[in-house]
Amino acid sequence: MRALFEICLRRGWSEMTSFMLDYCKAVDRQIWPHQHPLRQFNRDISSDILRKLEERGVDLDRLYEMEEKDIGALIRYVPGGKLVKQYLGYFPMVQLFATVSPITRTVLKVDLTITPEFVWKDRFHGTAQRWWILVEDSENDHIYHSDLFALTKKTAKAEPQKLSFTIPIFEPHPPQYIIRAISDSWLHAESFYTISFQNLALPEAHTTHTELLDLKPLPVTALGNETYEALYKFTHFNPIQTQAFHVLYHTNQNVLLGAPTGSGKTISAELALLHMFNTQPDMKAIYIAPLKALVRERMNDWRKRLVSQLGKRMVEMTGDYTPDMTALLAADIIISTPEKWDGISRNWHTRGYVKKVGLMILDEIHLLGADRGPILEVIVSRMRYISSQTERSVRFVGLSTALANAHDLGDWLGVEENGLFNFKPSVRPVPLEVHIQGYPGKYYCPRMNSMNKPTYASICTHSPTKPVLIFVSSRRQTRLTALDLIQYAASDEHPRQFLAIPEESLQMILSQVTDQNLRHTLQFGIGLHHAGLNDKDRSLVEELFANNKIQVLVCTSTLAWGVNLPAHLVIIKGTEYFDAKSKRYVDFPITDILQMMGRAGRPQFDQHGKAIILVHEPKKSFYKKFLYEPFPVESSLREQLHDHINAEIVSGTICHKEDAVHYLTWTYLFRRLMVNPAYYGLEDTDPGTLSSYMSSLALSTFEDLEDSGCIKIDEDRVEPMMLGSVASQYYLKYTTVSMFASNVEADTTLEVFLHVLAGASEYDELPVRHNEEIHNAELSNKVRYMVDKNLLDDPHVKANLLFQAHFSRVELPVTDYVTDLKSVLDQSIRIIQAMIDLCANSGWLSSMITCMHLLQMVMQGLWFDKDSSLWMLPCMTEDLITTFGQRGISSVRQLLDLPTASLQALIKTSGASRLHEELQHFPRIQARLRVQKQTVQDNPRFSLNIRLEKTNRHRKTSRAFTPRFPKVKDEAWWLVLGNTTTSQLHALKRVSFADVLQTKMDIPSNVNDFQDMKLIIVSDCYVGFEQEHSIQRLL
């Protein structure tokens, strides 16, 4: 029966499918489909009651509407009414709600919300209930989409579940589609939702492509400058570069260049860069790449050429590295991620170098529609706004894959007709041959497993000797795929067919590899590449593959973006990945698939490239359609508008509601509203509808920001509040600062601060992978503070556990956790600094000091209140701590004051020299204070003059010594002026210095009592380095 059901489902016959599914369930349940649904509870409800319900012909809908007593009267047995009503509550029912957004004229995106409406009882429902989600066209009896959705006990209690999928739509439009949810095991448990096509406004269909002209390739000498010619190893530009050459190199016009991956777009962007060096040498160029890996690749490439050959200065701005003011002012080229540039250009009024940008290159601009797209959209809109406000115009050059709606993008970038190049996906310099193969199999892991043999076969057929890239969805899959390939090669009696390294050098290479799985697969000529490897292993694998020492590289999708390692054959093994947030497998965005395919075919070596895509059978037709029909880019700014509007209010760009509406007209969202209104929930595009939509969008955003305490609305004016300014300054989400405000008080404890830190919205996306709740449960038993045991798969709980494991120096269960900890610690710095600001603004001394201690703990990886600060020294042992303890030494500062001779006398072993060496990393700070009195209008005013000096002569650096923190950091100090008895804060200053610092702090005029006033000097990275100085004594 099940086999017949699957056949009907695959053929797309809607009536037969539901008929066969009914009979499958009837066989399982041993009742006829026409009998009463409540017969499925026949062990609990007597057969008399069920018989009477059938005789009276009352279906479930009627029973849901009736009262207990009416049901009792109907079946002539009063207590039965209560029983029937109780079991109705256990009967699995879900409610469906869907919103439909047209993507093109032939494709609709459906967002489906599934709300369970029954009481979960393990006895009836087990651990999970499965539902078939079918989209059918009843008129043509056809199923356009089917999906098996599992509802678990946990998700049934949480918020409604959301699914997104795409369905085709045909001309002439049918009157409606029906979305049905049918239980896989319960008869008559089904719900439906109707999508009507009556008022659906579809976007206009026009994709204009630029024809590739048959031009003679331009020689490099066309640059007319020998230094520039020397940058390029080739002699002629390719056809795409030739066609765009004049506009890029000889004019100042904005350009949008859409061309497939691998067509040399970066060199086209360099032409615009060289033009700027020729005409405006004093201006800066900024290159924005949406991924850190792309920034890194561009840095390495341009450092070799533009920096060393043209003598230009270049800086990188990513989460790993933030240059200082002087470096930014001196730089000719700034390479940045969107987030960093957003954070910097927010205060463009006061930052001169933002106004000195003459060229903005936007790489992979089609990622505007992806999850980080809104930031890209905001910075371009802001740069265009700045360029309209200042006299100097900024030139924009956008690079992307072939686009369906290049005109809207071009319009938004201010590109005129002759600067718009949108080539077809087929004009690659190296032609691409694509094969799409579908694989049945409901479940993910077995399906991936069934793809391994065809993968091996494809390598043998299509690329027996040339390099092969295999893309998989997870780190675990890289390992499993590689091991299977090794096994197939061995059974072919060529176990080392992928290896091209002599035995001696192989052993030498393997001795440098840290990851044991990688060490194993490299012996057979197969490399692994994913974010879990350390940098050394990763660059080793890239080098081996680039030099053809190993033939196969199995990697995760991130490699497609960051590292330019083309291959002859690309195999995409499966197009879904496990999404931790929705706890299910979801599809890769089309842009990622195109990017992976783009890695096939090496311009220097291959006549053509090959890509093989292995997909789940039902999705085969979808991929066939979209890989050749370019995808339109939509805006996703609406969902993230709050933080950006808040930033503009803080910077003073928005002061009224009208400003907000005006700001929105600069965005790409506004351009798309006009073209595809239905995607954004609009009925039509007449001016009235549009302006009321924009006004209500601005208003609702304002109201949310006001509710969270970030802004104040006064009639028509808006003003930033302290919370809003903190959010904008530290680049935090408005929900995070609002959560701080409601949880932090004047005497918040360390434990609460830790929970608040882990609860920040910045950790919403921390991945909790398959089965990681098991590791989290183990960790939760080893750490100091309790976490919620029911939420072990929650990203915030995982963040909390990672912090505590870091402070307790507990070994992490798997390498994934090491990389996760890195990103958690990295984000935490600005979150904690924002909390410190919040406490300081509220005048809470004790909370602020606790929060500063939390920052020291993050830096050093130890507990402030229960570990000795001696653990900051990597060579410290339990025995040494005991030895020091007997001499009354319990902190690093006491050790620094010990003469070297006494230190050596204390430690007889060879460890003394190492300890002495490590101690050199710590600063010794000497403070001199003087109170100065001035009389202003007969009122005495006091200020405090402070001189800080580092007294260790050997130490020449202000780099912080933080061996357990993953990034480089400079030391800084807080000067805290406050009353320790009343826990009141008077003044705060943050300073950093190399040798000596002179500064002064004003004592507020309303303070007359110097009794318990103290100046506390707190380090932002060392534990136990605090100094307290009483002000009373100075007077």
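Up top is the structure these notes are about.
Bear in mind the structure is a predicted one, so any value in this text is a computation, not a measurement. (Residues numbered from 1 in each chain as written. Predicted model: local features only at pLDDT ≥ 70, side-chain atom pairs only at ≥ 80, totals over all residues. Heavy atoms only, no water.)

Caption draft 1: Region of interest: the environment of Met 66. Looking at the secondary structure, you find Met 66 in the loop between helix H4 (60-65) and helix H5 (68-74). Overall, Met 66 belongs to the buried group, its relative accessible area being 14%. Along the chain, Met 66 and Lys 85 lie 19 residues apart, while their C-alpha atoms are 8.9 Å from each other. Among residues more than four places away in sequence, those in contact with Met 66 are Ile 71, Leu 74 and Lys 85. (Helix = DSSP H or I, 4+ residues; strand = E, 2+ residues; numbered from the N terminus. Buried < 20%, exposed > 50% of the residue type's maximum accessible area, 1.4 Å probe, protein only. Contact = heavy atoms within 4.5 Å.)

Caption draft 2: Quick look at the packing of aromatic side chains. Across all of its chains, the model carries 36 aromatic pairs by this definition. Measuring from centroid to centroid gives 6.5 Å for Trp 973 and Tyr 1022, while their planes differ by 50 degrees, and the two rings are tilted. Of this pair, Trp 973 sits in strand E27 (residues 973-979) while Tyr 1022 is found in the loop between strand E30 (1013-1019) and strand E31 (1027-1030), placing the two residues 49 residues apart along the sequence. The buried category is assigned to Trp 973, whose relative accessible area is 2%. Joined through ring pairs, the aromatic side chains of Phe 41, Tyr 87, Tyr 90, Phe 91, Phe 124 and Trp 186 make up one cluster. Over the aromatic face of Trp 186 sits the side chain of Arg 29, whose NZ or CZ is 4.2 Å from the ring centroid. (Phe/Tyr/Trp six-rings, centres within 6.5 Å; stacked < 30°, edge-to-face > 60°. Lys NZ or Arg CZ within 6 Å of the ring centre and 35° of its normal.)

Caption draft 3: Seen up close, the environment of Gly 89. For Gly 89, the location among the structural elements is in helix H6 (residues 78-90). Residues Gly 89 and Phe 118 lie 29 residues apart in sequence; the distance between their C-alpha atoms is 5.3 Å. When near neighbours in sequence (up to four residues on either side) are disregarded, Gly 89 contacts Phe 118 and Val 119.

Caption draft 4: Region of interest: the pairing of strand E6 (residues 176-183). Of all 8 residues in E6, 7 are buried; the element is thus mostly enclosed. As paired elements, strand E3 (residues 128-137) and E6 share 6 bridges and run antiparallel to each other. Residue pairing for E6: Glu 136 is matched across the bridge by Ile 178. One ladder, built from 7 bridges, connects E6 with strand E7 (residues 190-196); its direction is antiparallel. When the sheet's bridge partners are listed, Arg 180 is paired in E7 with Phe 192. Between E6 and E7, which pair antiparallel one after the other, the connecting turn spans 6 residues, and His 188 there sits at a positive phi close to 65 degrees. (Pairing = 2+ DSSP bridges.)

Caption draft 5: Summary view of helix H11 (residues 265-279). Over its 15 residues, H11 extends 22 Å from the first C-alpha to the last, a length consistent with the 21 Å expected when each residue adds 1.5 Å. Taken across its 15 residues, H11 has 12 buried, putting it largely inside the fold. (Expected span 1.5 Å × (residues − 1).)

Caption draft 6: Region of interest: the sheet that holds strand E25 (residues 925-936). Read across the sheet, 3 strands follow the order E25-E26-E29 without closing on themselves; strand pairing throughout is antiparallel. Lying at the two open borders of the sheet, with one neighbouring strand each, are E25 and strand E29 (996-1002). With direction set aside, neighbouring strand axes in the sheet form an average angle of 20 degrees. Relative to E29, strand E26 (residues 939-950) is paired through 7 bridges, and the arrangement is antiparallel. Within E29, the position partnered with Ile 946 by the bridge is Thr 999. (Axes fitted to C-alpha atoms, helices over the stretch in contact; angles between N-to-C directions.)

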